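Report on the structure
What follows is the residue order along each chain.
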Amino acid sequence: MEPPLDAQLDRARDLLAAARRVLVLTGAGISAESGVPTFRGVQGLWKEYRPEELATPGAFRRDPRLVWEWYAWRRDLVLRCKPNAGHRALARWLRARKAFAALATQNVDGLHTRAAAEDMGSQASLGSSAAPYPLLELHGSLFTVRCTECGREEPHTAPVDATSLETLPRCGACTALLRPGVVWFGEPLPETALSEAFRWAGEAEVALVVGTSALVHPAASLPGMTLRRGGSVVEVNPEASPLTPLAAVSLRGPAGILLAKVLGTGEPTRV
Ligand code: NAD
Ligand code: ZN
């Protein structure tokens, strides 16, 4: 039988309080309570397409307009969502921990960035993070673009008109087509963010893993690195995952409620 939730919450708080370094890893589940659909759910479908058919370099080469139309729809959807109690609890807690914690996310929705900006009382600036801790977007962001020719990358939050090939966004430097600044199936993860996440995972005493099924590599291997250096995993997920048997604490339930309980919510923090 599993220990009662209160005992598990205490254990999670103790582990986090004692840890000198913490890596937080989040997946689509943390944004579920904001109304952002996960890929695995039925709502994840757009028109008759599966994400696997659209989020690939081949799909963009074949039909950039269609792919941009999907991303324009996803941006629009995410902009109508707000950071939830889970994003907010993390933003506040991470700010208080300053140099001793990092946040790596598989999400591309910008909600951690917006939560960080709101926590600091500034206007949300999507596409560029002003978080006072490392915020590592392992799969890129819906709010950045990259040039298909010269590789220039920049924030991009303006609406995209995907009604024709001619109206798609183009590079200011070389006029080639811009593509969404996200990692597609089969593409490598951004090197700097990934190596920083690996470094944190290898040094962390606790990996706090929230809302990810821990299946998609290489991000999924981060908690394993923390375990190998003798650290612990604290998992927050309504469902069991491949990581559950390895976790010191597995908090079963929605991230918004549980993170507020473990990390604290709205109290003012030391700055
Ligand atoms: P995933 O494999 O990370 O699975 C989602 C996990 O969240 C599941 O384990 C589920 O049990 C858990 N979950 C559901 N509701 C939750 C809640 N309220 N609190 C905590 N956990 C909850 O995600 P996926 O949807 O299969 O996506 C795979 C990849 O696709 C992601 O890694 C990401 O790159 C991309 N994606 C991103 C977003 C986003 O940016 N919000 C959304 C969908 C997909
Ligand atoms: Zn260019």
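Structure first, text after, so check above.
Residues numbered from 1 in each chain as written. Chains lettered and ligands numbered in written order. Predicted model: local features only at pLDDT ≥ 70, side-chain atom pairs only at ≥ 80, totals over all residues. Heavy atoms only, no water.

**Quick word on the site of ligand 1**
In the neighbourhood of ligand 1, 23 residues make up the surrounding shell, with Gln106, Asp109, His139, Ser213 and Asn237 lying closest. Separating an oxygen atom of ligand 1 from a side-chain N or O atom of threonine 212 is a distance of 3.5 Å. Side-chain polar atom of serine 213 to an oxygen atom of ligand 1: 2.4 Å apart, as the coordinates give it. A total of 850 Å² of accessible area belongs to ligand 1 in isolation, and the protein chains cover 88% of it. (Near = heavy atom within 4 Å. Polar contact = N/O pair within 3.5 Å; in protein donor to acceptor, adjacent residues only side chain to side chain. Areas by Shrake-Rupley, 256 points an atom, 1.4 Å probe, with all protein chains shown as cover.)

**Quick notes on the nonpolar core**
Grouped together as the largest cluster of nonpolar side chains are 32 residues, with contacts concentrated most on Leu208, Leu251 and Leu259. Beyond its immediate chain neighbours, meaning those up to four positions away, leucine 251 contacts Leu5, Gln8, Leu9, Ala12, Val234, Glu235, Val236, Asn237, Leu258 and Val262. (Core = buried A, V, L, I, M, F, W, Y, C linked by side-chain atoms within 4.5 Å. Buried < 20%, exposed > 50% of the residue type's maximum accessible area, 1.4 Å probe, protein only. Contact = heavy atoms within 4.5 Å.)

**A short note on the coordination of the zinc ion (ligand 2)**
Coordination sphere of the zinc ion (ligand 2), protein contribution only: Cys147 (SG), Cys150 (SG), Cys171 (SG) and Cys174 (SG), at 2.3 to 2.4 Å. For the zinc ion (ligand 2), the four donor atoms in the first shell make angles of 97 to 122° at the metal, a pattern classed as tetrahedral. Here the donor residues for the zinc ion (ligand 2) map to a single chain with the spacing C-x2-C-x20-C-x2-C. Of this pair, cysteine 147 sits in strand 4 (residues 140-147) while cysteine 174 sits in the loop between strand 5 (153-155) and strand 6 (178-182), and the two are 27 residues apart along the sequence. Using a relative accessible area of 4% as the deciding quantity, one classes cysteine 147 as buried. (Donors = N, O, S within 2.8 Å, 3.2 Å for Na, K, Ca; no water. Tetrahedral: all angles 85-135°; square planar, octahedral: opposite > 155°, others 65-115°. Helix = DSSP H or I, 4+ residues; strand = E, 2+ residues; numbered from the N terminus.)

**A short note on the pattern of salt bridges**
If charged atoms from side chains of opposite charge come close, those side chains can pair. Evaluated as defined, the whole model comprises 14 salt bridges. Of the charged contacts in the structure, one is a salt bridge between arginine 13 and aspartate 10, with a shortest N-O distance of 2.8 Å. On the criterion of helical spacing, the pair formed by arginine 13 and aspartate 10 is a turn pair, its members being three residues apart in helix 1 (residues 5-18). Overall, the relative accessible area of 41% leaves aspartate 10 in the partly exposed class. Where glutamate 203 meets arginine 21, a salt bridge forms, and the shortest distance between an N and an O atom there is 2.7 Å. You can see glutamate 203 sitting in helix 7 (residues 191-203) and its partner arginine 21 sitting in the loop between helix 1 and strand 1 (22-26), a full 182 residues away along the chain. What makes glutamate 203 partly exposed here is its relative accessible area of 32%. Through salt bridges with shared partners, a single ionic network connects Arg21, Glu196, Arg199 and Glu203. (Salt bridge = Lys/Arg side-chain N within 4 Å of Asp/Glu carboxyl O.)

The quantities given are spatial measurements derived from coordinates; they are silent on function.
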